[in-house]
Amino acid sequence: ALYEGQERYLDAFWDTCEIDVYGDGELNRALTYNVYQLLQSVTKDRYGNIAAKGLSGEGYEGHYFWDTEMYILPFFTLTNREIARNLIGYRYQILENARENARQMGHKQGALYPWRTIMGSECSGYFPSGTAAYHISGDVAYSVVAYYLASGDLEFMEQCGAEIVVETARLWMDLGCWYQGKFHINEVTGPDEYTCMVNNNYYTNALAKYNLIWAAKLYGRLKEAGKADGLAERTGLTDGEAEAFVKTAEAVFLPYDEELGINPQDDSFLQKKLWDVSAIPEEDKPLLLHHHPLELYRYQVCKQADTVLAHFILEEEEDLETIRKSYAYYEKVTTHDSSLSSCIFSIMAARLGMVEKAYGYFGDSAKMDLYNAHKNTKDGIHTANMGGSYMGIVYGFGGLRIREQGLSLRPCLPKQWEGYHFRFLYEDSVIEVRISRETCAVTLLRGTEKEIVIYDRPYVLRDRIEIPMEQGAGD
Ligand code: IFM
């Protein structure tokens, strides 16, 4: 009976998250392994989450990080709603701790999620690349909105999602300050752990802006549906406060450098000396094991995707030229010493039409644990990267986006592969995307018809759409 139950459970799991690459068996095996490990490691209730090393090793002491929201939840949001709700539900369970954490850090309002935790309290030992990484609150809010956009589940927003987004929005209101008509966020650490305690980290600011806008939007949508009373009661949110969120969001300062045409990672990033990443000898890698943090902080050198990640998740914020130039700039100063980096560079390379480059970064990401590519799998698997390798196919090569404007695809195919396919949930539907050298086929497996944009052209998906592939430019 247990065997049969397990079989049923796994059949249902694979049914919605089927993903295969054709023409590279090794890579396909690694991808399947990654997806399976995510299921193995993830909580099956709202009292747990998913540790940075899953259940496979002692690295990071079983702690939960932003890895969940930005790298792992996207997989579950697209394939298994129950688990996605559990992961968000966990953040709701510890919302009170996040409020307390904010008070401890001197904030009069809002919720600051702990950088690393199990029970809800902050477990970071080193605050510059721990508690100061305030972006985690924006990450949690972002994942709630991503779940809402993919599922349309307003009820879940009513129960808990909107409250998280409102409380994190309040944090930014308290944290930021007005200077010369702009809203600045100072003394925080962005995703890149080789650059700490800075003013106006682009990623954090862009996310704070999004968080503020969506706090007001979710409140508006709940009000429209006559479901905002619970939220207003629990949080005391008023129309006036929601308006203030929007006004502040419009004024959030986003660093831009006219001369380079890029978004600097923060206010002081470009003033620093450049670290020649191409000249780092093998025995000096990863830098964090050979250099004092203070030395690293004084250089333009990044451990991982930071502004490039912001451009992926909040693409609408900038024009493509700025995104392209920023990618080229940060690629030269990024070591990818964090396992959370290559997958994002792969996704954005695909977005910018650099398919060969995307393929290279993707291989590093997908094979990391099954082939022990970083030589540290003995300490545990890299769950964030596993989610990242899934995103590499779906968001990277597949070019899937689910935004407020709806569903879109922009598929490309590396020359080394014959094709790939994946399935995902969107609102009430299960959709399959099959890519070959010649065609892009999108099939509605279950559910109701959907509007979909492919290569910037609108279609209605009733049963099946098959169109010729367009290859990315720029390679
Ligand atoms: O959360 C990550 C961080 O971004 C880089 N260092 C490891 C952490 C846990 O995976």
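Here's what I pulled together on the structure shown here. In every chain, residue numbers begin from 1 and rise along the written sequence. Per-residue local features of the predicted model are confined to residues with pLDDT of at least 70, and side-chain atom pairs are confined, for both listing and counting, to 80 or more; whole-chain, interface and lining totals are unaffected and use all residues. The basis for every side-chain value is the complete set of heavy atoms in the structure, and neither hydrogens nor water enter the calculation.

1. Overview of the site of the ligand
- In the vicinity of the ligand, the residues found are Ala52, Tyr60, Phe65, Trp66, Asp67, Trp115, Glu193, Lys303, Gln304, Ser338 and Leu340.
- For the purposes of these results, a polar contact is taken to be a pair of N or O atoms within 3.5 Å, where, inside protein, one atom must be able to donate a hydrogen and its partner to accept one; residues adjacent in sequence count only when each atom of the pair is a side-chain atom. Side-chain polar atom of Asp67 to an oxygen atom of the ligand: 2.6 Å apart, as the coordinates give it.
- One of the side-chain nitrogen or oxygen atoms of Glu193 is found 3.1 Å away from a nitrogen atom of the ligand.
- Accessible areas in this description were obtained via Shrake-Rupley with a 1.4 Å probe; residue shielding takes into account the shown protein chains only. In isolation the ligand has 280 Å² of accessible area, and contact with the protein removes 94% of it.
- Broken down by class, the residue content of the shell around the ligand amounts to 6 nonpolar, 2 polar and 3 charged. Whether a residue is near a molecule or strand depends on its heavy atoms: if one lies within 4 Å, it is near. Any residue outside Ala, Val, Leu, Ile, Met, Phe, Trp, Tyr, Cys, Pro, Asp, Glu, Lys and Arg is labelled polar, Gly included; the first ten of those are nonpolar and the last four are charged.

2. Focus on unusual backbone geometry
- Put simply, Lys285 and Pro286 share a cis peptide bond, and its omega is -10°.
- Unusually for a residue other than glycine, Asn200 sits at a positive phi of about 55°.
- Summarising the element assignment, Asn200 is placed in the loop between β3 (182-184) and α8 (202-224).
- One non-glycine residue with positive phi stands out, namely Tyr455, at about 45°.
- A 1.4 Å probe rolled over the protein chains alone gives each residue an accessible area, and that area as a share of the maximum for its type sets the label: buried under 20%, exposed over 50%, partly exposed in between. Taking relative accessible area as the criterion, Tyr455 reaches 7% and is therefore assigned buried. Only DSSP runs of H or I with at least four residues qualify as helices, and only runs of E with at least two residues qualify as strands; both kinds are numbered from the N terminus onward.

3. Comments concerning the pattern of salt bridges
- The term salt bridge refers to a side-chain nitrogen of Lys or Arg lying within 4 Å of a carboxyl oxygen of Asp or Glu. Counted under the stated rule, the structure contains 34 salt bridges.
- With a closest N to O distance of 2.7 Å, Arg170 and Glu241 form a salt bridge. Here the residue Arg170 occupies a position in helix α7 (residues 154-175), and Glu241 occupies one in helix α10 (residues 239-251), the gap between them amounting to 71 residues. Take Arg170 and Glu241: they sit in the same class, and that class is buried.
- Among the salt bridges present, the one from Glu470 reaches Arg457, with a minimum N-O distance of 2.8 Å.

4. Considerations on helix α14 (residues 342-351)
- Burial analysis of α14 places 10 of its 10 residues in the buried class, the great majority of the element.
- The set of residues buried in α14 consists of Ser342, Cys343, Ile344, Phe345, Ser346, Ile347, Met348, Ala349, Ala350 and Arg351.
- For this analysis, residues touch if any pair of their heavy atoms sits within 4.5 Å. Buried residues along α14 sit in contact with α3 (67-79), α12 (307-313), α13 (320-333), α15 (355-366), α16 (383-397) and β6 (401-403).
- A positive phi of about 85° marks Gly353, the residue just after α14.

5. So, the environment of Leu55
- Structurally, the position occupied by Leu55 is in the loop between α2 (25-41) and α3.
- Judged by relative accessible area, which is 73%, Leu55 ranks as exposed.
- Along the primary structure Leu55 and Gly380 are separated by 325 residues, whereas in three dimensions their C-alpha atoms are 7.8 Å apart.
- Ignoring sequence-local partners within four residues, the contact set of Leu55 consists of Gln40 and Ser41.

6. With respect to the environment of Glu315
- Looking at the secondary structure, you find Glu315 in the loop between α12 and α13.
- Non-local contacts of Glu315, meaning those with residues more than four positions away in its chain, are made with Ala310, Ile323, Arg351, Arg401 and Arg403.

7. Regarding the side chain of Arg99
- As for its placement among the helices and strands, Arg99 is situated in helix α5 (residues 95-104).
- Overall, the relative accessible area of 14% leaves Arg99 in the buried class.
- In this structure the side chain of Arg99 is engaged in a polar contact, spanning 2.9 Å, whose partner is the side chain of Glu163.
- Setting aside residues no more than four positions away along its own chain, Arg99 makes contact with Gly110, Ala111, Glu163 and Glu167.

8. Notes on the nonpolar core
- Nonpolar cores were defined as sets of buried Ala, Val, Leu, Ile, Met, Phe, Trp, Tyr and Cys residues, with membership established by side-chain atoms within 4.5 Å. Counting residues in each nonpolar core, the largest one holds 149 residues, and the members touching the most others are Trp66, Tyr71, Ile344 and Ile393.
- The biggest single contributor to this core is α8, with 13 residues.
- In this view, Ile393 contacts Ile19, Val21, Leu31, Phe362, Gly398, Trp417, Tyr420 and Phe422; residues no more than four positions away in its chain are not counted.
- Judged by nonpolar contacts, the second largest core, of 8 residues, contains Tyr194, Val277, Tyr299 and Val301.

9. Notes on the packing of aromatic side chains
- Side-chain rings of Phe, Tyr and Trp, where Trp is taken by its six-membered ring, are said to pair if the distance between their centres is within 6.5 Å; with planes under 30 degrees apart they count as stacked, over 60 as edge-to-face, and otherwise as tilted. Here the structure, examined in full by the defined rule, presents 28 aromatic pairs.
- Plain terms: the ring middles of Tyr210 and Trp214 are 6.3 Å apart, the flat faces sit at 50° to each other, and that makes the pair tilted. Taken together, the residues Tyr210 and Trp214, both in helix α8 and 4 residues apart, mark about one turn of the helix.
- Plain terms: the ring middles of Phe362 and Phe397 are 5.6 Å apart, the flat faces sit at 80° to each other, and that makes the pair edge-to-face. Here the residue Phe362 occupies a position in helix α15, and Phe397 occupies one in helix α16, the gap between them amounting to 35 residues.
- Note on Phe397: relative accessible area 0%, which makes it buried.
- Through successive ring pairs, a cluster of aromatic residues spans Tyr359, Phe362, Phe397, Trp417, Tyr420, Phe422 and Phe424.
- Consider the ring centre and the ring normal. A charge sits over the ring if Lys NZ or Arg CZ is within 6 Å of that centre and within 35 degrees of that normal. Across the ring face of Trp214, the terminal group of Lys217 is positioned such that the distance to the ring centre comes to 5.0 Å.

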